[in-house]
Amino acid sequence: METIKLVIDGKQVETERGTTLLGAARKAGVDIPTLCHDDRLAPYGACRLCLVEIEKNGRKRLVASCAYLAEDGLTVRTETEKIRKLRRMILELLLAESSTGPLESLAKKYGLEESRFEIDRPKCILCGLCVRYCTEVKKKNVTCFIGRGIDKEVVFLSDFSNSECPMCRECLPLCPSGTLYSLYLKGFSGKPETPPNKNI
Amino acid sequence: MSKLKSAAELKKFRQTILDGRDAGKVCVTICLGTGCLACKGDEVHKAFVEEIRKQGLEGKVDIRRTGCHGFCERGPLVVIFPKEICYLKVTPGDVPEIVEKTLIEDKVVDRLVFADEDGRKIVHEGDIPFYKHQNRIILGPNRLVDPGIIEDYIALGGYSALAKALFVMTPVEVLDEVKKSGLRGRGGAGFPTGTKWETTRNAPGEPKYVIVNADEGDPGAYMNRSVLEGNPHSVLEGLIIGAYAIGSHEGFVYVRQEYPLAVANLTTALEQARELGLLGDHILGSEFSFDVTIHRGAGAFVSGESSALMTAIEGRVGEPRLKYIRTAVSGLWEKPTNLNNVETWANVPAIINKGAAWFNGIGTKSSKGTKIFSLVGNVKNTGLVEVPMGMTLRQVIFDIGGGIAGDKKFKAVQTGGPSGGCIPAECLDLPVDFDELDKAGSMMGSGGMIVMDEGTCMVDTARYFVKFLSEESCGKCVPCREGLKQTLLILDRICSGQGREGDLELLEELGEVMTEASLCALGTTAANPLLSTLKYFRSEYEAHIKEKRCPACVCKELIRYYIEPAKCQACLLCAKNCPTGAITGEKGAIHVIDQAKCTKCGACLEVCPSRFSAVIRISGRPVPPPVAAGTPVQRRK
């Protein structure tokens with residue numbers, strides 16, 4: 001396997017070709033926040049929290065580290081002032097919709113107490129982990145997105161779910177916004193299940 | 001029809017067409033683009049067929065159904081060749097007179113020709129100011145071609161560029177010619193076309209695909225639609241040449257299902273091109289084979305974004321994907337894919353025929369050639385205009401567009417579609433090219449140009465575009481989806497008089513996160529209408545927030561309708577037309593609006609005779625106390 005050398009936050013890092021910047025950083029002990037990433041799933045790039053600055057041939061730009069592949073000679077900065085500002089704003093937007101565990105601790109890390117936006121909790125933050133897990137890992141497609149723009153939603157398609165869902169409930173603990181369980185109940189007509197995990 | 005098997009056969013075929021046509025023969029050309037069709041152009045066509053039959057002129061006069069000529073404001077348009085007599089706003093009722101006077105007596109029907117502001121009549125199409133300042137490389141042939149008849153296109157020299165590319169040039173020479181021409185993508189981003197072609201050509205992986213992006217979805221924009229409807233072969237020829245240069249054998253046209261005429265005309269064009277051997281196996285007898293599939297879009301604005309469009313062709317939801325590997329390298333089914341806009345492809349045949357140097361001579365240093373704009377909004381001459389890059393906004397809006405309708409004052413022009421910016425009067429002398437528009441906080445986009453007069457509220461305008469984008473965003477990434485949602489909520493508040501101190505700074509922060517952190521170009525440009533209006537019209541936002549005043553008197557919650565007692569002549573018109581019965585008044589007595597009942601529909605303002613102009617809108621100050629019921633009017637002298 002070909003080895004790639006790059007610099008992440010001043011550290012010399014070696015990684016295999018085909019590794020994402022996020023993967024390379026985490027392996028080197030550099031923490032980059034994410035909400036829509038899962039190592040078992042294809043990169044999605046929706047939460048934008050994992051944005052990092054890359055510098056190549058003197059040119060700087062921001063990229064989603066969950067998807068950008070490590071390149072030789074790249075200089076990566078994961079916590080510039082600008083990145084902190086963008087992450088804070090992204091978290092503030094999300095905080096208006098959800099304030100559960102992972103979001104709360106990230107908000108704290110970025111010095112956010114409360115969102116300046118109209119609070120409308122709890123809402124699904126459309127990270128897509130449940131949808132992608134069901135599609136990519138379980139290959140069942142029981143959950144899906146409907147609508148687009150600000151009306152986009154995650155749903156369990158009632159009839160389809162009843163016949164196709166393997167009832168593995170593996171999607172439930174993936175949810176960072178704590179809304180999946182109620183969607184799950186809504187999707188299965190008249191068969192409420194006990195939550196598999198009390199934290200949800 | 002048998003297949004043409006060489007360049008010589010194409011040339012011969014063209015000569016046969018030309019020999020069968022008499023250039024001096026009278027031809028009635030009727031615009032049947034979407035605009036003129038909506039104004040009953042089809043009935044005008046029927047009337048001509050009928051009247052020409054009645055007058056026994058069949059065979060002596062040709063009738064041609066064409067695509068959009070561009071001067072949509074004055075449609076349906078009829079141009080009579082060879083004298084190029086242009087009649088405007090023709091109704092079926094005008095047809096017998098045109099046939100008798102012009103076709104039989106060789107006279108001009110004066111009342112149907114263009115008259116300038118001094119009343120001078122202009123008979124020839126090309127002399128009308130709207131057309132005179134244009135350079136119509138792409139749109140020009142529209143009026144000479146029936147999109148359903150391939151012979152019309154070939155008669156103009158159509159497919160000769162393809163023959164030249166196939167038999168005189170190597171693929172690399174074609175590519176170099178396009179590179180040298182300086183052609184940049186007309187879809188919005190302005191990426192150098194030749195460089196993009198080269199990337200796909202050199203990218204590893206087979207097959208390679210080429211795509212026409214005809215998913216035009218900007219409100220008010222219809223440039224691509226008119227080219228596809230009116231001259232589909234020009235796009236197809238460009239596409240085949242591009243495929244040859246790139247080494248692709250399979251192409252797609254992604255066109256909106258909402259453009260039925262474009263789909264129909266394109267389908268016909270493909271069939272005719274196949275019949276003549278211009279598409280399919282061994283094109284014109286060469287070694288090169290290529291074919292095209294039409295993919296009809298399901299109506300999502302975001303599917304115009306290249307990666308979303310490719311996802312949609314693959315049969316999945318049209319959502320942009322992370323493209324750190326460019327679609328030119330890994331696009332459709334992860335194969336090298338070159339996507340260009342309708343207008344970009346349509347430029348290619350002319351570049352191959354006339355050469356890069358010719359194309360290079362048109363436009364500015366960084367933007368070559370012409371650009372089609374759909375000039376709409378509060379402008380006198382609504383329509384499609386094609387101008388050399390570098391023409392100023394003032395020339396486009398005032399010389400071609402004829403200035404502001406109703407002789408009101410110009411306020412702003414929004415270029416580049418919903419995610420373009422609003423440019424104020426002080427920037428009217430800006431030359432229109434990719435880079436200058438970017439610098440002004442707007443963009444070229446695919447060529448939308450919405451002109452706004454002084455009666456436009458810029459906060460409300462920003463809100464309109466933000467609302468459009470919030471519904472048309474795919475909703476995948478947080479900055480775009482949530483950023484647009486919160487921006488819309490704040491703009492809604494400001495427009496309804498609930499704006500707060502700090503809102504503008506918060507909007508700017510939102511604009512920054514959308515621009516810097518969004519996944520695709522829809523998100524990174526979504527803040528343009530907001531940020532450009534904040535930049536150029538900040539005082540208007542401040543008036544809404546601090547004084548609860550809408551300076552243009554547009555935002556309903558911030559205005560009141562009021563009848564000025566000194567001007568009211570007690571004509572009863574407003575009282576009769578008020579849907580809520582909010583206006584009291586009798587003959588001889590000043591009318592009064594009951595503010596509690598008024599729903600601000602504006603009917604009173606519309607019906608109040610302009611010689612009185614007694615109804616006004618008030619914003620930012622209290623409505624004066626009403627006059628006592630029955631107060632007699634002050635008669636005007």
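Residues numbered from 1 in each chain as written. Chains lettered and ligands numbered in written order. Predicted model: local features only at pLDDT ≥ 70, side-chain atom pairs only at ≥ 80, totals over all residues. Heavy atoms only, no water.

In this section: the packing of aromatic side chains. Aromatic rings considered in pairs are described by the distance between their centres and by the relative angle of their planes. Scanning the model with the defined rule gives 16 aromatic pairs over all chains in all. With a centroid separation of 4.4 Å and 10° between ring planes, the pair formed by Phe71(B) and Phe130(B) is classed as stacked. Pair noted here: Phe71(B) is in the loop between strand E2 (61-66) and strand E3 (78-81) and Phe130(B) is in helix H5 (residues 129-132), with a separation of 59 residues, a long-range link. Here Phe71(B) and Phe130(B) have matching classes, each one buried. Across the ring face of Phe145(A), the terminal group of Lys152(A) is positioned such that the distance to the ring centre comes to 4.6 Å. Arg256(B) extends its terminal NZ or CZ atom over the ring of Tyr259(B), reaching a point 5.5 Å from the ring centre. (Phe/Tyr/Trp six-rings, centres within 6.5 Å; stacked < 30°, edge-to-face > 60°. Helix = DSSP H or I, 4+ residues; strand = E, 2+ residues; numbered from the N terminus. Buried < 20%, exposed > 50% of the residue type's maximum accessible area, 1.4 Å probe, protein only. Lys NZ or Arg CZ within 6 Å of the ring centre and 35° of its normal.)

Our focus in this paragraph is the layout of surface pockets. Residues and elements named next belong to chain B. By volume, the second largest pocket is sized at about 500 Å³. In this structure, the second largest pocket is lined by 19 residues; those nearest its centre are Arg21, Asp22, Cys27, Arg64 and Leu144. Listing elements by their share of the lining of the second largest pocket, those giving two or more residues are E2 and helix H6 (150-155). Ranked by residues supplied to the lining of the second largest pocket, first place goes to E2 with four residues. (1 Å grid on protein atoms, 1.4 Å probe; cavity = no way out; pocket = protein on both sides within 12 Å on 5 of 7 lines; lining within 4 Å. Points joined across faces, edges and corners; volume = space filled by probe spheres on them.)

This paragraph deals with the domain arrangement of chain B. In terms of domain boundaries, chain B breaks down into domain 1 (24-81 + 85-123), domain 2 (150-359), domain 3 (370-453), domain 4 (458-546) and domain 5 (558-619). One C-alpha centre belongs to domain 2 of chain B, the other to domain 5 of chain B, and the line joining them spans 57 Å. (Domains from an automatic or database assignment.)

To characterise two packed helices, one gives the angle between the axes of the helices and the distance between these axes. Residue and element names in this part refer to chain B. Close contact between helix H18 (residues 458-472) and helix H19 (residues 478-495) brings their axes to 9 Å; oriented N to C, the two are set at 150°. Considering the angle they form, H18 stands roughly antiparallel to H19. Remark: the crossing between H18 and H19 carries left-handed chirality. Contacts between H18 and H19 involve Val459, Asp460, Ala462, Arg463, Val466, Lys467, Leu469 and Ser470 on the former and, on the latter, Leu484, Thr487, Leu488, Leu491, Asp492, Ile494 and Cys495. (Axes fitted to C-alpha atoms, helices over the stretch in contact; angles between N-to-C directions. Parallel < 35°, antiparallel > 145°, perpendicular 65-115°, else oblique. Left-handed = near helix turned anticlockwise from the far one by under 90°. Contact = heavy atoms within 4.5 Å.)

So, about the nonpolar core. By size, the foremost hydrophobic cluster in this structure holds 72 residues, and its most contacted members are Ile154(B), Tyr159(B), Val174(B), Trp197(B), Ile240(B), Leu278(B) and Phe290(B). Among the elements that take part in this core, helix H11 (residues 232-246) of chain B stands out by supplying nine residues, more than any other. Counting contributing residues per domain, this core is built from domain 2 (150-359) and domain 3 (370-453) of chain B, each supplying no fewer than three. In terms of nonpolar packing, the next biggest core, distinct from the first, is built from 68 residues, Cys36(A), Leu41(A), Tyr44(A) and Leu129(A) among them. (Core = buried A, V, L, I, M, F, W, Y, C linked by side-chain atoms within 4.5 Å.)

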